[in-house]
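Here's the letter readout for the chains.
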Amino acid sequence: MPELRRVPVNGVELNVALAGSGPAVLLLHGFPHTWEVWTDIMADLSGSYRVIAPDLRGFGASSAAASGYDARTLSEDAAALLAKLGVSSAAVVGIDAGTPAAFLLAVRHPGLVRRLVVMESVLGGLPGAEDFLAGGPPWWFGFHTAARGLAETVLEGHEAAYIDWFLHAGTLGDGVPAAIRDAFVHAYTGSHALSRAFSYYRVLPESALQIARAVTTARLTVPTMALGAQPVGAALERQLRPVTNDLTGHVIEDCGHIIPLHRPDALLTLLHPFLAGDDTIAA
């Protein structure tokens, strides 16, 4: 089992899972996850790497925060976390809500990020995701950002059913282990926990502006791998292609949105050579 530690950064305390030793790998989760979305990945990578998997601010067992759910602040939380842990260079892996933060961390702190892996997300309004967004954003984006407090009021008392929908859809109906499902449900139960999670969606326009501004003054220079599954597919790779110097892209077949839980072996097959710097194998 990973060691769990509370680490103060940027005015909040992050709950951080730590395992293994060696070069650092930072894992950033999404919604509706906690660090435990990386359970299988951590168990494998910790044989060769020092794996660091925080709950993002306001999520899971990390402390509540009144603000700071935008991508730039989340990226600065990650930078501060690495500094607190004495890490000067890390490979960074992000999924869903963790992807914009991982991207900005690599763009703004290229000396800190050794390699970048991002998956199953889109980066604001950057060109390339038009096909994916042709019918509009996924329905829950609008629900989470509607009249403030509405989603929390509707869902309170029904959190388990709501989280189960995402876990079912995100694994193409296969589901996730009961212990991990229960951890996710616990993390998102109660109006305050829901409100913190939905705050990420409510600042998406701000995050989109941060991303747009970042790419007007800098390129993504670190070796990067973009991974897709269902439903995002190759949209993220297409967004990254014009702004990235060294990009590899893969779409994992027969895989739902929650790649680390649905197809961990397929993900690890791609991660191992890429993290080790073997671009020939990774490509």
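### Considerations on empty space enclosed by the protein
Phase 1: What the rule picks out here adds up to 1 cavity of 30 Å³ or more.
Phase 2: Lining the largest cavity are Leu 14, Leu 28, Pro 54, Asp 55, Leu 56, Arg 57, Leu 74, Asp 77, Ala 78 and Leu 81.
Phase 3: Broken down by element, the residue count for the lining of the largest cavity peaks at 4 residues, all from helix H2 (residues 71–84).
Phase 4: Residue classes in the lining of the largest cavity are distributed as 7 nonpolar, no polar and 3 charged.

### As for the layout of surface pockets
Phase 1: Counted as a void, the largest pocket has a volume near 540 Å³.
Phase 2: Around the largest pocket, the lining comprises 31 residues; the ones closest to its centre are Asp 96, Val 122, Pro 138, Trp 140 and Phe 141.
Phase 3: Tallying contributions element by element places helix H9 (residues 204–217) first for the lining of the largest pocket, with 4 residues.
Phase 4: Here the residues of the lining of the largest pocket are counted per class, giving 22 nonpolar, 7 polar and 2 charged.
Phase 5: Taken as a whole, the second largest pocket spans an internal volume of roughly 190 Å³.
Phase 6: The wall of the second largest pocket is formed by Met 1, Pro 2, Ala 19, Trp 35, Glu 36, Thr 39, Met 42, Ala 43, Ser 46, Ala 179, Ile 180 and Ala 183.
Phase 7: Among the elements of the structure, helix H1 (39–45) and helix H7 (178–187) are those that each provide at least two residues to the lining of the second largest pocket.
Phase 8: Residues of the lining of the second largest pocket, tallied by class, amount to 9 nonpolar, 2 polar and 1 charged.

### Quick notes on the sheet that holds strand E1 (residues 3–9)
Phase 1: Taken in spatial order, the 8 strands line up as E1-E2-E4-E3-E5-E6-E7-E8 in an open sheet, and their pairing is mixed. Across the chains shown, the open sheet's two edge strands, defined by having one partner strand only, are E1 and strand E8 (247–251). The sheet shows a mean angle of 20° between the axes of neighbouring strands, taken without regard to direction.
Phase 2: For strand E6 (residues 113–119) and strand E7 (residues 224–228), the ladder comprises 4 bridges, and the chain directions are parallel. Considered in E7, the bridge of Leu 116 is made with Thr 224.
Phase 3: The sheet strands contacting H2 are E1, strand E2 (12–19), strand E3 (24–28), strand E4 (50–54) and strand E5 (90–95), and the helix crosses E1 at an angle near 115°.

### Looking at the confidence of the model for the protein
Phase 1: Per-residue pLDDT for the protein averages 96, and the proportion of residues at 70 or more is 98%.
Phase 2: Residue range residues 279–283 is modelled with pLDDT below 50. Its contacts to residues more than four positions away, or to other chains, number 9 contacts.

### Details of the pairing of E5
Phase 1: Burial analysis of E5 places 6 of its 6 residues in the buried class, the great majority of the element.
Phase 2: Residues of E5 alternate between two faces, with Ala 90, Val 92 and Gly 94 on one and Ala 91, Val 93 and Ile 95 on the opposite face, all of them buried.
Phase 3: Pairing analysis gives 6 bridges linking E5 to E6, with the strands arranged parallel. Pairing of Ala 91 across the sheet is with Arg 115, part of E6.

### Some remarks on the pattern of salt bridges
Phase 1: By the definition in use, this model includes 9 salt bridges.
Phase 2: Because the salt bridges share partners, they merge into one network encompassing Asp 164, Arg 181 and Asp 182.

### Looking at the environment of Val 7
Phase 1: Note that Val 7 resides in strand E1.
Phase 2: Assessed through its relative accessible area of 4%, Val 7 is described here as buried.
Phase 3: Spatially, the C-alpha atoms of Val 7 and Ser 62 are 9.1 Å apart, while their sequence positions differ by 55 residues.

### Description of the side chain of Ser 62
Phase 1: Here Ser 62 shows up in the loop between E4 and H2.
Phase 2: By relative accessible area, Ser 62 is classed as buried at 5%.
Phase 3: Only 2.8 Å separates the side chain of Ser 62 from the backbone nitrogen of Asn 15, close enough to count as a polar contact.
Phase 4: Here Ser 62 is in contact with Arg 6, Glu 13, Leu 14, Asn 15, Asp 55, Leu 56 and Arg 57, once residues within four sequence places are set aside.

Basis of the calculations
- Residues numbered from 1 in each chain as written.
- Predicted model: local features only at pLDDT ≥ 70, side-chain atom pairs only at ≥ 80, totals over all residues.
- Heavy atoms only, no water.
- 1 Å grid on protein atoms, 1.4 Å probe; cavity = no way out; pocket = protein on both sides within 12 Å on 5 of 7 lines; lining within 4 Å.
- Points joined across faces, edges and corners; volume = space filled by probe spheres on them.
- Helix = DSSP H or I, 4+ residues; strand = E, 2+ residues; numbered from the N terminus.
- Nonpolar A, V, L, I, M, F, W, Y, C, P; charged D, E, K, R; others polar.
- Pairing = 2+ DSSP bridges.
- Axes fitted to C-alpha atoms, helices over the stretch in contact; angles between N-to-C directions.
- Contact = heavy atoms within 4.5 Å.
- pLDDT = per-residue confidence, 0-100.
- Buried < 20%, exposed > 50% of the residue type's maximum accessible area, 1.4 Å probe, protein only.
- Salt bridge = Lys/Arg side-chain N within 4 Å of Asp/Glu carboxyl O.
- Polar contact = N/O pair within 3.5 Å; in protein donor to acceptor, adjacent residues only side chain to side chain.

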